[in-house]
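# Results of the structural survey
Single-letter residue listing:
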Amino acid sequence: MAQFQEVSKLSSQHPKPPGLVLQYGTAGFRSNAKHLDHAMFRTGLLATLRSKKTKATIGVMVTASHNPEEDNGVKLIDPMGNMVTAEWEGYATQLVNAEQDDLLIVLKDIIEKETVNMSQEANVFVGKDTRSSSVSLSQAVLDGVLALSGHNYGLVTTPQLHYMVCCQNTQGKYGEPTVEGYYRKLCQAFIQLIKNASNCTDDQKHLSVDGANGIGALKLHEMESHVKSELQISVFNDGSKGKLNYECGADFVKMQQKPPTGMEMSPGERCCSYDGDADRIVYYYTDSEGQFHLLDGDKIATLISTFLKELLTQVGLDLKIAVVQTAYANGSSTRYLEDTMKVIVRCTKTGVKHLHHAAQEFDIGVYFEANGHGTVSISETDPHSSKRKRAAQLLQNTINVINQTVGDAISDMLLIEAILAIKGMTVQQWDAIYTDLPNRQLKVKVADRRVIDTTDAERRAVSPAGLQEAIDSLVKKYKLARSFVRPSGTEDVVRVYAEAETQESADALAHEVSLAVYRLAGGIQTTHVS
Ligand code: G16
């Protein structure tokens with residue numbers, strides 16, 4: 001078949017380094033950029049098959065998000081803008097790891113298993129972040145797509161690509177599949193929402209954003225004119241000088257629990273950080289004593305779910321609302337949501353694909369990872385069936401400002417800003433909803449992180465033998481303590497999380513659990529801060 005000859009020819013230009021093994025992890029393939037050329041080409045091939053199979057547009061995003069600049073990565077986006085299924089993640093791993101001579105065999109095997117009609121047309125949207133390696137790597141993806149109607153969007157945030165794939169496959173019902181269409185839909189909804197706020201001062205209308213020296217900063221500049229009258233954004237770390245994700249960005253701020261470098265902050269001022277591909281956001285401020293206060297994904301989920309719950313009451317719609325979290329959720333947030341707010345709380349494995357799935361079981365599912373990655377999924381609902389016109393309109397605009405396909409820093413920011421303005425709430429009042437339990441995250445490098453296997457949404461380790469027992473006895477030493485370990489799906493490390501009544505206890509517990517991992521799981525190196 002001519003198509004296979006073409007694959008053979010082009011794949012020799014993107015050869016696989018013999019013996020190299022990559023795993024489709026939490027958010028696709030991630031590694032040092034120099035190991036990824038063949039993976040990009042082959043992900044392009046697989047995206048084409050997935051498109052033929054689903055008879056829909058598929059997305060391929062080239063990014064390593066929060067990882068260092070030298071890394072890169074690639075992930076597939078399914079027709080409704082969600083992550084690709086676990087089965088196709090498996091195919092991706094098989095295809096990317098096939099030695100050069102076996103590539104066609106593995107490819108044909110997938111075609112046969114999935115009964116892919118090779119004469120069906122394919123359509124693949126490709127996007128990339130601002131990493132310098134993204135230029136050639138996204139070209140490798142396009143080579144893999146074999147120019148079968150691929151659409152190269154160039155520089156976009158990850159959530160923008162998810163959004164456009166969904167728009168394309170819903171024939172525009174979700175919106176127009178362009179970046180401009182994305183700004184128009186979200187910003188118009190935001191402007192409508194903000195009309196419900198009274199007496200907004202200039203200070204309240206101002207927000208400082210740390211763009212992590214990545215794509216988010218670039219896109220914020222593009223969006224600025226759409227919201228200017230209602231939100232003045234000062235962008236720091238906009239990529240003009242600093243390095244991507246280096247001492248800045250949402251991951252740095254969350255893990256180090258301190259402000260990014262390169263940001264001018266006055267006491268009490270509301271600030272936020274995006275990550276490298278703008279799918280995560282965290283808020284923060286420093287108080288008059290210079291103390292740093294972080295409002296992470298858990299606080300964001302609390303703010304949004306409270307607002308939505310109140311709105312549903314006003315609209316008079318009886319919809320089931322839930323909050324989905326992971327093991328990293330601060331214990332105080334879970335207690336507040338369950339005991340005070342009385343909402344259903346679910347816990348899933350790390351990775352927005354798992355949270356998204358769980359959220360879809362409810363009419364309204366607010367899902368956020370503590371690291372600030374999340375959004376809201378809303379079942380087909382028509383607010384206008386309610387007789388309460390104003391509240392119905394408010395709900396409709398809220399739905400429109402949300403990018404339901406995946407966590408999106410820009411969309412989350414607009415929603416949060418609108419909620420704070422409507423509720424007349426300062427960042428300090430939002431922060432005071434509950435007090436976080438002090439916590440600490442560490443990383444441990446082990447010879448092979450796959451020796452750690454977990455259960456119960458990653459809250460307990462089932463292997464290696466003795467590890468969970470060791471964690472249990474360490475946790476008993478501290479008040480209000482909890483700790484778990486899990487292998488990362490985006491970096492070659494084991495992550496350790498601990499929380500306790502005091503920062504000293506959380507730090508000590510995290511350190512002791514790290515040593516237990518080091519001892520029982522073949523440790524090579526421990527680092528202090530995640
Ligand atoms: C990705 C995933 C997130 C996950 C994070 C860390 O984030 O999309 O859901 O929380 O990796 O995952 P892990 O602990 O397995 O390394 P991003 O922002 O890098 O795409």
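One structure accompanies this document, and this report is about it. (Residues numbered from 1 in each chain as written. Predicted model: local features only at pLDDT ≥ 70, side-chain atom pairs only at ≥ 80, totals over all residues. Heavy atoms only, no water.)

### Some thoughts on the sheet that holds strand β10 (residues 292-295)
One key point about sheets: their strands pair by backbone hydrogen bonds, in either a parallel or an antiparallel sense. Strand order in this open sheet of five strands is β7-β6-β8-β9-β10, and the pairing throughout is mixed. Edge positions in the sheet fall to β7 (232-236) and β10, since each has one partner strand and no second. When the angles between neighbouring strand axes are averaged without regard to direction, this sheet yields 30 degrees. For strand β6 (residues 206-210) and strand β8 (residues 271-274), the ladder comprises three bridges, and the chain directions are parallel. Across the sheet, residue Ser 208 finds its bridge partner in β8, namely Cys 271. Against the sheet, helix α14 (residues 409-423) engages β6, β7, β8 and β9 (281-286), with an angle of about 50 degrees to β9. (Pairing = 2+ DSSP bridges. Helix = DSSP H or I, 4+ residues; strand = E, 2+ residues; numbered from the N terminus. Axes fitted to C-alpha atoms, helices over the stretch in contact; angles between N-to-C directions. Contact = heavy atoms within 4.5 Å.)

### A closer look at the site of the ligand
Taken together, 19 residues surround the ligand, and among them Thr 26, His 66, Glu 369, Ser 488 and Thr 490 come closest. One of the side-chain N or O atoms of Asp 279 is found 3.4 Å from an oxygen atom in the ligand. In the model, an oxygen atom of the ligand is placed 2.7 Å from a nitrogen or oxygen of the Arg 486 side chain. Starting from 470 Å² of accessible surface for the ligand in isolation, the protein chains cover 97%. By residue class, the composition of the shell around the ligand is two nonpolar, 10 polar and seven charged. (Near = heavy atom within 4 Å. Polar contact = N/O pair within 3.5 Å; in protein donor to acceptor, adjacent residues only side chain to side chain. Areas by Shrake-Rupley, 256 points an atom, 1.4 Å probe, with all protein chains shown as cover. Nonpolar A, V, L, I, M, F, W, Y, C, P; charged D, E, K, R; others polar.)

### A look at the state of the cysteines
Tallied over the entire structure, the rule returns zero disulfides. No disulfide involves Cys 187; its sulfur sits 14 Å from the nearest other cysteine sulfur, which is in Cys 167. A relative accessible area of 1% places Cys 187 in the buried class. (Disulfide = S-S within 2.5 Å. Buried < 20%, exposed > 50% of the residue type's maximum accessible area, 1.4 Å probe, protein only.)

### Thoughts on the sheet that holds strand β13 (residues 364-368)
Overall, mixed pairing links the four strands, which are arranged β12-β11-β13-β14 in an open sheet. Every interior strand has two partners, whereas the edge strands, β12 (344-348) and β14 (374-378), have only one. Geometrically, the sheet is characterised by an average inter-axis angle of 20 degrees between neighbouring strands, direction not taken into account. Of the pairings in the sheet, the one linking β13 to β14 comprises five bridges and is antiparallel in character. Looking at the pairing, Phe 368 lines up with Gly 374 of β14. Contacting β11 (321-326), β13 and β14, helix α10 (residues 297-315) crosses the sheet at an angle of about 165 degrees to β13. Packing of helix α11 (residues 331-340) onto the sheet brings it into contact with β11 and β12, and relative to β11 it is tilted by some 165 degrees.

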